[in-house]
Amino acid sequence: MERLGAQTDSLSRQARELDMLRGSLARGDQELRRTVAQADSLAERATLADEVIELVEPLRAEIADRAGDEAAAGADPDGRDAADSVVADAADRIIERAARAERLEDSLSHARNAVAALDRELRDARELLRGDSASVVDSLRSALAASRFETDGLRAEATVAVQERDDAIGRANYLQTQVDQLRQGTGIDPPPCWLDREGGPEYVFRVELTDRGMRLFNISPPHRAQTDLEAMGHVAAIEEGRDYDPDAFLRITLPFYEIGVSRTELFGPMGCRFWIRPVDLTGDRKEIFRERESQLWRRFWFRW
């Protein structure tokens, strides 16, 4: 009880000292606000001390009554122990309530500060939108476009990486096929420039053989637009469905042959060959068919 009374007196003295400081200090708005905040905190603590005193008063009365009973009945050690126990329990409850009140006060203060900060940010955002909403929208659109561009770039890189892996697997499978053919006594042919995972060819054109020449149609896999820019650049230069005479056909398809034989680092000394799907539309004119077929073999590989 004496400790609580001392704390109350100390708080009262601090409050009086603070009042004196309020009258004498004038060193700027920041220091003044800090002083006011301290005063408010001390006032709240004083209020809390008053509440504690109100709780203690009934306890004091109860202790006085018990002391009077003990004086009338004589000394009773067990009775004193019981009274001491009651006093200790009540004091513990008072201390616990005071600590809980202080914790709640701190939590409330933090919550108020967070709400105030969010409110300021919201007001700033509203003012920005009111002042220059077009710029804000443009900025958001630019950020979104940049994010989409970055995502598309990552997707393209992933596509290229997956296809490079599949090409490597296809080359390994094709080499195994060639080894098996060697063991069987057959020859070795240049591999397809575009291989699937099983080591089979992927096709660049469908070529229609006609009386007037050859028609080319792009049937390359979509992923080759990222994994073989060199070849696909020449694909884009060819006019689909046009009848190319034999000389024109050999001229426009020469880059595919040159690209294939130059890829010795990946495919070995013979390089590779691009594959096509031929379609015979020459009818019964066998001499024209054989001529067209020989021209195809000079540039591409295929199966009927």
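Structural notes, computed from the coordinates. (Residues numbered from 1 in each chain as written. Predicted model: local features only at pLDDT ≥ 70, side-chain atom pairs only at ≥ 80, totals over all residues. Heavy atoms only, no water.)

### Some remarks on the packing of helix 6 (residues 246-262) against helix 8 (residues 286-297)
The relative placement of two packed helices is expressed as an angle between their axes plus a distance between the axes. The N-to-C vectors of helix 6 and helix 8 enclose an angle of 15°; their axes lie 10 Å apart at closest approach. With respect to their mutual orientation, helix 6 and helix 8 come out roughly parallel. Seen along the crossing, helix 6 lies across helix 8 with a hand that is right-handed. Residues P246, F249 and L250 of helix 6 form the contact with helix 8, whose own contacting residues are E291, R292, Q295 and L296. Grouping the constituent residues of the contact of helix 6 with helix 8 by class yields four nonpolar, one polar and two charged. (Axes fitted to C-alpha atoms, helices over the stretch in contact; angles between N-to-C directions. Helix = DSSP H or I, 4+ residues; strand = E, 2+ residues; numbered from the N terminus. Parallel < 35°, antiparallel > 145°, perpendicular 65-115°, else oblique. Left-handed = near helix turned anticlockwise from the far one by under 90°. Contact = heavy atoms within 4.5 Å. Nonpolar A, V, L, I, M, F, W, Y, C, P; charged D, E, K, R; others polar.)

### Thoughts on the sheet that holds strand 3 (residues 275-280)
What links the strands of a sheet is backbone hydrogen bonding, and the strands pair in either a parallel or an antiparallel sense. Overall, mixed pairing links the three strands, which are arranged 2-1-3 in an open sheet. Only two strands of the sheet have a single partner each, and these edge strands are strand 2 (214-218) and strand 3. Going from strand to strand, the sheet's axes swing by 25° on average, the running direction of each strand aside. Pairing analysis gives six bridges linking strand 1 (residues 203-209) to strand 3, with the strands arranged parallel. Looking across to strand 3, one finds that V207 is bridged to P278. This element, helix 8, spans strand 1, strand 2 and strand 3 of the sheet and lies at about 160° to strand 1. (Pairing = 2+ DSSP bridges.)

### Some remarks on the packing of helix 5 (residues 229-236) against helix 6
Interaxial distance between helix 5 and helix 6 falls to 9 Å at its minimum, and their mutual angle equals 170°. Here helix 5 lies roughly antiparallel to helix 6, going by the angle between them. Where helix 5 abuts helix 6, its residues E230, A231, H234 and V235 lie against P255, F256 and I259. Across the contact of helix 5 with helix 6, the residue classes tally to five nonpolar, one polar and one charged.

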